[in-house]
Amino acid sequence: MNTFVCVKRVPDTSEAEVKVDATEKDVDSSKFSFDINDADNYAVEEAVQIKEAQGGTVQVLCCGPQDADMMIRMALAKGGDSAMRIDDPRINFSDPLQVAKVLAAAIKEQEYDLVLTGCWADDDGFMAVGVALAEELGIPHAAMVKKVEVEDGKVKAHRELEGGISEVVEITLPAVLTIQTGINEPRYAPIRGIRQAQKKELKVLKLDDLGISEEEVSEDSSLIELKRFYIPEVESKAEIIEGEPEEKAEKLAEKMVKGGLI
Amino acid sequence: MSNIFVLVEHRQGELRDITLEMLTKASQLAEKTGGETVALLLGNGVDSHAEKLTGYSDKVLYMDDPLFEDYNSEKYQKALVAFFKEQKPYLVMMGHTAQGVDLAPALAVELKMPFVTDVIDLEYVDDKLQPLRQYYGGKVNAEFSFKGEPPYLVTFREATLEVPEPFKSGKVEKIDSPLKEDIDYRKFLEYIEAEVGDVDITQSEILVAVGRGVKEEKNMAMIEELASAIKADICASRAATDAGWLPHDRQVGTSGKTVKPKLYIAIGISGAFQHLAGMKGAKTIIAINKDPEAPIFAEADYAIIDDLFKVVPKLTEKLQELRG
């Protein structure tokens, strides 16, 4: 089983202040910490587990600048065999269909059975690249997968639906699965793996190397345009409880008891 | 060329609310484009769904075919590609749901449709559509525009609009299914129902909810003490169940449970829209989070913006004292 796993480097903005930069089409990311996108981390683990159970290879694929190399090396340390990074400033990350086109160009001439992506990116949240990639490759897919069973050239994918229900679909390989968080327990990279990862191949490619022209994947040829970013006004009706942490806790406790909340 | 099409979402015999939410938006837009709303329904034995939808759409078109018994992206895509060769809508809306995200991107690629996902609002200004979506977990709004020719395609976020009462009396038309035969490269096998756990959080009066901010499983002891002091049940955001601190049946949100307790105390939860959709019906919401920009505060009645590890133990202590 030869698997490609697509990964993205994203900022952790869960507790960070986010400011729109002067272009109004990006944010000031100078103070963010970056790491592998959460769902992609689960996809890497799933790919490695499939390899451990069935043999084969895991190739890590990423679109992005050199900053992503450390993240890619970590995926190699966890069990990836080799990696490709497509580094080209002309790639338009505001259009997931164009990103899918770039990834497809990197994969389509290779031997593969399975392509895994995270189902969701923590930064843009498009939830579109994996399924668009399947269409570009002309192969079937299943989105939001939280359990994978591979057997006899087919895969049973458990898709997460709303309300805790899932559906099981059977798909012929090769196929693309977009992986949901919680599907497995992502491992930490072992020290030995980290050392070995330094020696594994990490190819860096340009759009020209993939035989795609700038016209196919640039902002000009995109069918959508990001006009501007802005910080939404949060209309909160909340009563903000002030003071030192302990005072806040005491005031809240009093409100809960006297206000009949509990 | 000015009609707004909505792909009807239904599962296991039930129309899903997102369909009606989208038809509300579609109706507002159609007034501006001068077109009609069209609910497009694919299914098997769905006459009653079609009938019900006339209350929400100018037109209901439906394909009734045993091949549509259960949703299958490949069959839907084939049918829609054939259908959109005949019909030329201005805009097609699908839910940003497990179904929509599984179908829409592939359809957009095949038909080269200008496509924006997870849209929270759509304005029609100067004869142009402006889809609005979010980045960075809701901390940034992003205005998009479409280039190129219609039909345009969006997936629309669930629970953004209220589920409406019927507001139209439209016409139903049954149309032929373009599918000639079944496919074998993707097959629906079965549904697996939600896990049933020891506590049904949909019935809980008081819920203490934990999220990523709780950081480690060992910190759950602190949460359990608080919950026990006020006789609350404990539930979680996705991050906490993914990490294995609590079983999946305690997850609140679109992929988990929808809860409506009297009191919901969100601890270390930033408030991704999927989570908010599952808890905003709570009567009173208390949020404790150190990030002042956390979207959870937009839903809260009481907010403590501070380090939960300093606040929660003291809160428990004071509650124990006050309650004797």
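Bear in mind that the values here come from a model prediction, so they are computed numbers and not experimental data.

Calculation notes
Residues numbered from 1 in each chain as written. Chains lettered and ligands numbered in written order. Predicted model: local features only at pLDDT ≥ 70, side-chain atom pairs only at ≥ 80, totals over all residues. Heavy atoms only, no water. Helix = DSSP H or I, 4+ residues; strand = E, 2+ residues; numbered from the N terminus. Contact = heavy atoms within 4.5 Å. Areas by Shrake-Rupley, 256 points an atom, 1.4 Å probe, with all protein chains shown as cover. Lys, Arg positive; Asp, Glu negative; His and termini not counted. Charge placed at Lys NZ, Arg CZ, Asp CG, Glu CD. Buried area = accessible area lost by both parts, 1.4 Å probe. Salt bridge = Lys/Arg side-chain N within 4 Å of Asp/Glu carboxyl O. Polar contact = N/O pair within 3.5 Å; in protein donor to acceptor, adjacent residues only side chain to side chain. Pairing = 2+ DSSP bridges. Phe/Tyr/Trp six-rings, centres within 6.5 Å; stacked < 30°, edge-to-face > 60°. Buried < 20%, exposed > 50% of the residue type's maximum accessible area, 1.4 Å probe, protein only. Expected span 1.5 Å × (residues − 1). Axes fitted to C-alpha atoms, helices over the stretch in contact; angles between N-to-C directions. Parallel < 35°, antiparallel > 145°, perpendicular 65-115°, else oblique. Left-handed = near helix turned anticlockwise from the far one by under 90°.

Q: Just to check I follow, could you spell out the overall build of chain A for this structure?
A: Tallying secondary structure elements over chain A gives seven helices and 13 strands in all. When the backbone C-alpha atoms are referred to their principal axes, chain A occupies close to 65 × 45 × 40 Å. In chain A, of all internal contacts separated by at least 6 residues, the share reaching a separation of at least 24 is 70%. Just so you have it, chain A exposes about 11600 Å², and 45% of that area is on carbon and sulfur atoms. Where the 31 positive side-chain charges of chain A centre and where its 53 negative ones centre are 4 Å apart.

Q: Is there a simple way to think about the interface of chain B and chain A in this case?
A: Size of an interface: often given as the accessible area lost when the parts come together. Each side of the interface is counted separately: chain B has 91 residues, and chain A has 84 residues. Taken together, the two surfaces of chain B and chain A that pack against each other cover about 7700 Å², and 58% of this comes from carbon and sulfur. The largest share of the area that chain B buries against chain A comes from Tyr136, Glu143 and Lys147 of chain B, three residues that together contribute 9% of it. In this structure, the connection of chain B to chain A is made through 12 salt bridges. Across the salt bridge formed by Lys248 of chain A and Asp306 of chain B, the nearest N and O atoms sit 2.8 Å from each other. Inspection of the chain B/chain A interface yields 41 residue pairs in polar contact (both at pLDDT 80 or more). When strand β9 (residues 166-172) of chain A meets strand β13 (residues 186-192) of chain B, the two strands line up antiparallel, connected through six bridges. Opposite Val169 of chain A, over in β13 of chain B, you have Phe188 of chain B as the bridge partner.

Q: I would appreciate a short explanation of the packing of aromatic side chains in the present structure.
A: Residues and elements named next belong to chain B. Summed over the entire model, instances satisfying the criterion amount to 15 aromatic pairs over all chains. A ring pair is formed by Phe5 and Phe84, whose centres lie 6.1 Å apart and whose planes are at 70°; its orientation type is edge-to-face. Note that Phe5 is positioned in strand β1 (residues 4-7) and Phe84 in helix α3 (residues 73-86), a separation of 79 residues in sequence. Here Phe5 and Phe84 have matching classes, each one buried. Ring centres of Tyr135 and Tyr136 lie 6.1 Å apart, and the angle between their planes is 45°; on these two criteria the pair is classed as tilted. We classify Tyr135 as buried; its relative accessible area is 7%. A residue is classified by how much of its surface remains accessible, and Tyr136, at 9% relative accessible area, is buried.

Q: Explain helix α3 (residues 96-107) of chain A to me, please; I cannot follow it from the model alone.
A: Note: α-helices contain 3.6 residues per turn, so residues at a spacing of three or four share the same orientation. All names here are of chain A. End to end, α3 covers 16 Å across 12 residues, agreeing with the expected 16 Å (1.5 Å per residue, within 8%). For α3, the tally of buried residues reaches 11 of 12 residues, placing the bulk of the element in the interior. The backbone nitrogen of Leu97 has a side-chain oxygen 2.9 Å away, supplied by the residue at the start of α3, namely Asp95.

Q: So what exactly am I meant to see when it comes to helix α5 (residues 220-229) of chain B here?
A: All names here are of chain B. Among the residues of α5, those classed as buried are Met220, Met222, Ile223, Leu226, Ala227 and Ala229. On its buried side, α5 packs onto β14 (206-210), β15 (233-236), β16 (263-267) and α8 (308-323). Trailing α5 by a residue or two, Lys231 shows a phi angle of about 55°, which is positive.

Q: Whenever I open this one, the sheet that holds strand β4 (residues 37-43) of chain B confuses me. Can you help?
A: What holds strands together in a sheet is hydrogen bonding between their backbones, with the strands either parallel or antiparallel. Residue and element names in this part refer to chain B. Read across the open sheet, the seven strands follow the order β7-β11-β6-β1-β4-β5-β12; overall the sheet is parallel. The open sheet terminates on both sides in strands that have one partner only, identified here as β7 (115-119) and β12 (171-175). In this sheet, neighbouring strand axes are inclined to one another by 20° on average, regardless of whether the strands run parallel or antiparallel. Where β1 meets strand β6 (residues 91-95), three bridges bridge the pair, whose relative direction is parallel. Bridging across to β6, Phe5 finds its partner in Val92.

Q: Would you explain the packing of helix α7 (residues 245-258) of chain A against α8 of chain B in this entry?
A: Helix-helix packing is described using two parameters, namely the angle between the two axes and the distance between the axes. One can describe the packing of α7 of chain A onto α8 of chain B by two numbers: an axis separation of 8 Å at closest approach and a directional angle of 40°. Considering the angle they form, α7 of chain A stands oblique to α8 of chain B. Crossing hand, α7 of chain A versus α8 of chain B: right-handed. Contacts from Pro245, Glu246, Ala249, Glu250, Leu252, Ala253, Glu254, Met256 and Val257 of chain A of α7 of chain A reach α8 of chain B at Lys310, Val311, Lys314, Leu315, Lys318, Leu319, Leu322 and Arg323 of chain B.

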